[in-house]
There are 2 protein chains.
Amino acid sequence: MSSDITSTTGRPTIARFGAVNPVFVCVISYTATSEISGLTVAGANPALIKYTSPADAEFLYYGKCKCIDAVPATPDGKPTPALITRTALQKGGIPKFVVDAGAKIKPLIPFASFGLEPGRNISEEKAMDVFAVEQALHHGELVGNELARLSDLVVIGESIPGGTTTALAVLTALGINAKFKVSSSMPDNPHTLKNKVVESALSRNGVKPGSMKSPVDAVAMFGDPMIPSVAGIARGALTAGGKVMLAGGTQMAAVLQVLKLLGTRIHELCIGTTSYVVNDKTSDLTGLANEISAGVPILSCDLHLDESVKPGLRAFSQGYVKEGVGAGGASLAAMLKSNRLTGRKLMKAVEKEYELSIERHG
Amino acid sequence: MSSDITSTTGRPTIARFGAVNPVFVCVISYTATSEISGLTVAGANPALIKYTSPADAEFLYYGKCKCIDAVPATPDGKPTPALITRTALQKGGIPKFVVDAGAKIKPLIPFASFGLEPGRNISEEKAMDVFAVEQALHHGELVGNELARLSDLVVIGESIPGGTTTALAVLTALGINAKFKVSSSMPDNPHTLKNKVVESALSRNGVKPGSMKSPVDAVAMFGDPMIPSVAGIARGALTAGGKVMLAGGTQMAAVLQVLKLLGTRIHELCIGTTSYVVNDKTSDLTGLANEISAGVPILSCDLHLDESVKPGLRAFSQGYVKEGVGAGGASLAAMLKSNRLTGRKLMKAVEKEYELSIERHG
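Note that the structure is predicted; figures quoted are calculated from it, not measured.

Moving on to the environment of A:Ala254. All names here are of chain A. Here Ala254 shows up in helix H9 (residues 251-261). Classification of Ala254 as buried rests on a relative accessible area of 0%. For the pair Ala254 and Thr164, spaced 90 residues apart in the sequence, the C-alpha separation amounts to 9.0 Å. Contact partners of Ala254, with chain neighbours within four places excluded, come to Ala167, Leu171 and Ile227.

Here it is in structure tokens:
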């Protein structure tokens, strides 16, 4: 097993999540909370934010985007982590499915729909209707249940710009102290802005930190459609006896809290991410996850992007982007499936895919 | 292996399509051709035809329908074959996925969408745009490719009222003599009406039988969105090295012809259906399939519905319904996966499910 894989709970855990035929599910979504200025850089400019998640999904299939004529990138040209996800899935021969959980723009690929509207801006109104949260959970469970019968590890990633702020809001409402712990796609994590958005959303609704007990109500008020959709898929797969990897950073802490409060047995669940998230000084995924469920394994992979010849990829190791579109989890799944795949080999393949993607867009 | 399974190419073929982890895909669709009076009984009355395929898909998940408050049935109360499909998938522990290929009403379940419009009435206009046919093929290939990596047998069923008429039209345009060979959900197969609809559609477009060479153009002019969607999924799975069972009656002959003309290698493909279709005196699936591709295996299963205590199920053996929603293929997959499952055992389970479904609808 590659020494580029680390687990917060030791190496035996890594073997436990080894998989013969993992499957990757990418849940794309939207929250209008992302339109708050300064909150996210997932999109070259504010008007493009809504294209980020469908473009990520298209990139997984085609290595180029169809709904926009460019690789999704930050304003200063850091490429989408979908680049890593696509490469890892290809290297690992891992099948993928895309779930639309309220994306504002629909990708030009076949995707499963949960019939959800985009999430609303929590600084202005309720994020979702309660019935929509229930539908996301329910549809997710149905899909997760079927996938677990075909695959021994269901890896679930997400693409939703602005999602760490809604995750922070849900965690706060449900009594987890997540302030200054959620991650960011920028090295200068805008904690103050996120905290202000969350505090004002809670106080506008008369909610004190920790005063909510129902995960459904908390997600409806302060969350986004990604959270219950991923939770539903995970719950369905776990209930069917499958293993689940939540592939992402601190947003997955909100999913974990929802799963826990729904009474889901999470023994066969782990979080899978990049070393850049786990080692991030501006956030604390390990602390967050352990506060929710002590001992939950966090697997992470070192992709040696600091050694890349591509400045855009090196940036991932310097606090930019760091994770997204399940990049860390997809890399872990590929490395767990194919023992010969190391972080460095994957990095070299990502570099090639980066060049190809630029060529594809001409 | 159950003696209730028969193959037109002998018993070794049956073993070849044996599967450890089959997956079932149900493609739901619509053609306005079904609105021609007298063409189909798939729907309790004409206004309900558009609910038939989404209701079938819902039935697979819930054992009841959500978009209509009844089990889909013919005007005189013959139940939907989804009853058999659901029971077989449950007995076999076979995972299922629903693909929406232009259903007019969307089912209240999670489903993958190929982004297609319902098919138009071929007696009045072109069935589909060429780009829509290409999109169905393309999206199908992407999905089939992923499924074949998870499963050793991709079983593809369909639910589209009126589909035998569009199948007849496509086959005729592409040079297959299918007149009086396509099946029907009624014992008194309305061949004359079907032939008239097809002949007038062809002559209105200046097309002589056999004069078309392009399967894409033929489907666009005379087909329905199910045909290229199923063909695409099959093609994707076959190209990825998987095995495919086209689960249905004579409509699958049109899919087979499209696959053949696209140059698909179909060595690992079979048609799977009920004995009621294969033995039907008013149609000729075996003749049709062999005219398209000599020696293509047709597997069929005897569910002993003639011995059922339920008149609605006995009717299936008396020329009514006979097949649909991949009932035959799902039954075959369940019997191939679990050697102890016989046609009679499955029939008894279907009877129980029938009772339960009536209870569920109160």
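What follows is about the relation of the copies chain B and chain A. Mapping chain B onto chain A leaves a residual RMSD of 0.0 Å; the transformation is a rotation of 180° accompanied by 0.0 Å of translation along its axis. Those values place the two copies in the arrangement expected of a two-fold rotation axis. When each C-alpha of chain B is compared by its distance to the rotation axis, B:Ala112 comes out closest, at 1.9 Å. Both copies share a contact surface, since 100% of the interface residues of chain B are interface residues in chain A too.

Moving on to the environment of A:His361. Residues and elements named next belong to chain A. Within the fold, His361 resides in the segment after helix H14 (343-360). In the structure, His361 is positioned 290 residues away from Val71 in sequence and 7.7 Å away in space, judged by C-alpha atoms. Those residues in contact with His361, other than ones at most four positions away along the chain, are Lys64, Cys65, Ile68, Asp69, Ala70 and Val71.

Looking now at the interface of chain B and chain A. With 26 residues of chain B at the contact, the number on the chain A side is 26 residues. The largest per-residue losses of area from chain B upon contact with chain A belong to B:Pro110, B:Glu146 and B:Leu150, which jointly make up 31% of the total buried on that side. In this structure, the salt-bridge partner of A:Glu146 is B:Lys96, at a minimum N-O distance of 2.6 Å. Taken together, the links from chain B to chain A amount to six residue pairs in polar contact (both at pLDDT 80 or more). For the side of chain B that touches chain A, the secondary structure elements donating two or more residues are strand S2 (22-29), helix H2 (49-62), strand S3 (96-101), strand S4 (111-113) and helix H4 (130-150) of chain B. With eight residues, the single largest contributor to the side of chain B that touches chain A is H4(B). Partitioning the side of chain B that touches chain A into residue classes produces 17 nonpolar, six polar and three charged.

Turning our eyes to something else, we now look at helix H8 (residues 226-239) of chain A. Residues and elements named next belong to chain A. An ideal rise of 1.5 Å per residue puts 20 Å on 14 residues; H8 measures up with 20 Å between its terminal C-alpha atoms. Counting buried positions along H8 yields 12 of 14 residues, so the element is predominantly enclosed. Among the residues making up H8, those that are buried are Met226, Ile227, Pro228, Ser229, Val230, Ala231, Gly232, Ile233, Ala234, Gly236, Ala237 and Leu238. Just beyond H8, the residue with positive phi is Gly241, at close to 90°.

We now examine the packing of aromatic side chains. Applying the stated criterion across every chain yields a total of three aromatic pairs over all chains. Measuring from ring centre to ring centre gives 6.4 Å for A:Tyr61 and A:Tyr62, while their planes differ by 50°; the resulting arrangement is tilted. The pair A:Tyr61 / A:Tyr62 is uniform in exposure class, with both members buried. Over the ring of A:Tyr62 we find A:Lys66; its NZ or CZ atom is 4.3 Å from the centre of that ring. Cation over ring: B:Lys78 sits above B:Tyr320, and NZ or CZ is 4.3 Å from the ring centre.

This brings us to the pattern of salt bridges. All names here are of chain A. Counted according to the given criterion, the structure contains 30 salt bridges over all chains. When the shortest N-O distance is used, the salt bridge between Arg120 and Glu125 registers 4.0 Å. Exposure remark for Arg120: the relative accessible area of 26% places this residue in the partly exposed category. Of the residues examined, Glu125 reaches a relative accessible area of 38% and is grouped as partly exposed. The network of salt bridges with common partners includes Arg86, Glu353 and Arg360.

Thresholds, definitions, all that
Residues numbered from 1 in each chain as written. Chains lettered and ligands numbered in written order. Predicted model: local features only at pLDDT ≥ 70, side-chain atom pairs only at ≥ 80, totals over all residues. Heavy atoms only, no water. Helix = DSSP H or I, 4+ residues; strand = E, 2+ residues; numbered from the N terminus. Buried < 20%, exposed > 50% of the residue type's maximum accessible area, 1.4 Å probe, protein only. Contact = heavy atoms within 4.5 Å. Least-squares fit on C-alpha atoms with pLDDT ≥ 70 in both. Buried area = accessible area lost by both parts, 1.4 Å probe. Salt bridge = Lys/Arg side-chain N within 4 Å of Asp/Glu carboxyl O. Polar contact = N/O pair within 3.5 Å; in protein donor to acceptor, adjacent residues only side chain to side chain. Nonpolar A, V, L, I, M, F, W, Y, C, P; charged D, E, K, R; others polar. Expected span 1.5 Å × (residues − 1). Phe/Tyr/Trp six-rings, centres within 6.5 Å; stacked < 30°, edge-to-face > 60°. Lys NZ or Arg CZ within 6 Å of the ring centre and 35° of its normal.

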